[in-house]
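Each chain is listed here by its residues.
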Amino acid sequence: MTDIRTVPVALPGREYDVVVGPGLLAEAGARIGPLLRRNRVAILTDENVAAHHLGPLTEALAAEGVAASALTLPAGEATKGWAQLSRAVEWLLTEKIERGDIVIALGGGVIGDLAGFAAAIVRRGIRFVQVPTTLLAQVDSSVGGKTGINTAQGKNLVGAFHQPSLVLADTSLLDTLSARDVLAGYGEVMKHGLLGDAAFFAWLEENGPAVAAGDPAARVRAVERSVEMKAGIVLRDETEQGDRALLNLGHTFCHALEAATGYSDRLLHGEGVAVGCALAFELSARLGHCAQEDPSRVRAHLKAMGMKTDLADIPGELPDARGLLDLMGQDKKVIDGRLRFVLARGIGAAFVTSEVPPEAVLEVLEEALAALGGP
Ligand code: GLY
């Protein structure tokens, strides 16, 4: 029997637990019930997730006498915008959801971010519970209180920091994901080892295949350790004035690649993070911050996992190095016109810097593109 693990997020006055383990959805009523002031909740979810998990969630709530109403939104990144936000907010108001009530976000990162933002702004803030259904959401987006939507100007440019009251990360829900989605989420798991825990990365080198294959104990450990690391960083820097930027390891490259591939199925976010981590380590080695063995080790692990590793693994054409660098310049992590990178002094030793000559980034990208055999 696989253990249930609890990771506390001890933000003063807004403490909450991230509970990790198999079978938690069936315990949702018992676990959410004690937080309620009256026996009803509102659930926001999407069509794909609802087909698998909405029935079991409402049954688990009903078993503890909690009535639930649900709004099912379309699946996909396009949902994370003004139109569906306004639909969700209007629905919560029509449902007469009050200040003391709880909204449950049942889904991946899109639903978690949108529902969290809706909860942040309805009646100036109501509580919400995250029930993340993807590996990416369990290890990253459901924890730490970043909520928001995309606009025509870019991703996540409108939002609020609004911490959940509880996160139920039911690892058995991951069984319904495609192998590709599991590996994309694994990109964020690996990122946590690379940025701050060399022993965890070494554990992943050994146990990553078991995590991907669905071994229950390996999945719980991978999610638990990722959440512990993220919670520790969020405690130090909730609103990303400093250390929280470490969680963006691989993301400056990733955002350029996502923009270059039109945020399409050509490259999932977690895949871009994995390729971006490999490039961030290449850049770190080129600038003399870490040994050349480190990027080689990152790439070897990605390849062993059967993950996208190199630019050549991204189907279709990519811009040239200058074009990719320009796309990085549109990232919201640019401060005073200077690109901010997360680099590493070794596996598990990341740091944030704006001291990166653009020529070095160009060289890394040119080398990576040359391996494509293109211009
Ligand atoms: N996903 C990065 C953060 O939560 O800060």
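See the structure above.
Quick look at the structure, then.

Section: the pattern of salt bridges
Per the stated rule, a full pass over the model turns up 27 salt bridges. D3 is the salt-bridge partner of R5, the closest N and O atoms lying 3.7 Å from each other. Residue R297 pairs with E205 through a salt bridge whose shortest N-O separation is 2.8 Å. Of the two residues, R297 is situated in helix α11 (residues 293-304) and E205 in helix α7 (residues 198-213); the sequence distance between them amounts to 92 residues. Judged by its relative accessible area of 31%, E205 is partly exposed. Three or more residues are tied together by salt bridges with common partners; here these are D3, R5, R221 and E224.

Quick notes on the state of the cysteines
Going through the model one piece at a time under the given rule, you end up with zero disulfides. This cysteine, C277, is not joined by any disulfide, and C254 carries the nearest cysteine sulfur, 8.8 Å off. The thiol of C290 is unpaired, and the distance to the nearest cysteine sulfur, on C277, comes to 12 Å.

Examining the site of the ligand
Near the ligand the following residues occur: D140, K146, K230, E240, R244 and L247. One of the side-chain nitrogen or oxygen atoms of K230 is found 2.6 Å away from an oxygen atom of the ligand. Here R244 contributes a side-chain N or O atom positioned 2.7 Å from an oxygen atom of the ligand. Starting from 200 Å² of accessible surface for the ligand in isolation, the protein chains cover 88%. Classifying every residue of the shell around the ligand gives one nonpolar, no polar and five charged.

As for the packing of α7 against helix α8 (residues 216-236)
Viewed as axis vectors pointing N to C, α7 and α8 meet at an angle of 135°, and their least axial separation amounts to 8 Å. Here α7 is positioned oblique relative to α8, judged by the angle of their axes. Between α7 and α8 lies a crossing whose hand is left-handed. Residues F200, W203, A210, V211, A212 and A213 of α7 touch α8, and the partners they reach there are A218, R219, R221, A222, R225 and S226.

Some thoughts on the sheet that holds strand β5 (residues 102-107)
Strands sit in the order β1-β2-β9-β6-β5-β3-β4 across an open sheet of seven strands; the sheet is mixed. Looking at the sheet topology across the chains shown, the edges are occupied by β1 (5-9) and β4 (67-73). Sheet twist, expressed as the mean angle between neighbouring strand axes with direction ignored, is 20°. Relative to strand β9 (residues 166-170), strand β6 (residues 127-132) runs parallel, the two sharing two bridges. Counterpart to V129 in the pairing with β9 is L166. Taken strand by strand, α8 contacts β1, β2 (16-21) and β9, and its axis lies near 10° from that of β1.

Parameters at a glance
Throughout this description, residue numbers start from 1 for each chain and increase along the sequence as written. Given that this is a predicted model, residues contribute local features only at a pLDDT of at least 70 and side-chain atom pairs are listed and counted only at 80 or more, while totals for whole chains, interfaces and linings are drawn from all residues. Just so you know, side-chain values use all the structure's heavy atoms and leave hydrogens and water out. Salt bridge criterion: a side-chain nitrogen from Lys or Arg within 4 Å of a carboxyl oxygen from Asp or Glu. Here a strand is any run of E in DSSP of at least two residues, a helix any run of H or I of at least four, and the numbering for each starts at the N terminus. Partly exposed residues are those whose accessible area sits between 20% and 50% of the maximum for their type, while under 20% is buried and over 50% is exposed, using a 1.4 Å probe and protein chains only. For the purposes of this analysis, a disulfide is any pair of cysteine sulfur atoms at a distance within 2.5 Å. We call a residue near a molecule or strand when any one of its heavy atoms sits within 4 Å of it. Any pair of N or O atoms that falls within 3.5 Å is considered a polar contact. Within protein, one atom must be able to donate a hydrogen and the other to accept it, and sequence-neighbouring residues count only if both atoms are side-chain atoms. Accessibility throughout is a Shrake-Rupley quantity obtained with a 1.4 Å probe, and a residue counts as covered only by protein chains that appear here. Gly counts as polar in this scheme, as do all residues outside two lists: the nonpolar Ala, Val, Leu, Ile, Met, Phe, Trp, Tyr, Cys and Pro, and the charged Asp, Glu, Lys and Arg. For helices, the axis comes from a line fit to the C-alpha atoms of the stretch in contact; other axes are also lines fit to C-alpha atoms, and the angle between any two N-to-C directions lies between 0 and 180 degrees. Between 65 and 115 degrees an angle is taken as roughly perpendicular, under 35 as roughly parallel, over 145 as roughly antiparallel, and anywhere else as oblique. Definitions for this section: a left-handed crossing has its near helix turned counterclockwise from the far helix by less than a right angle. A right-handed crossing has that turn clockwise. It only takes one pair of heavy atoms within 4.5 Å for two residues to be counted as in contact. When DSSP finds two or more bridges between a pair of strands, those strands are recorded as paired.

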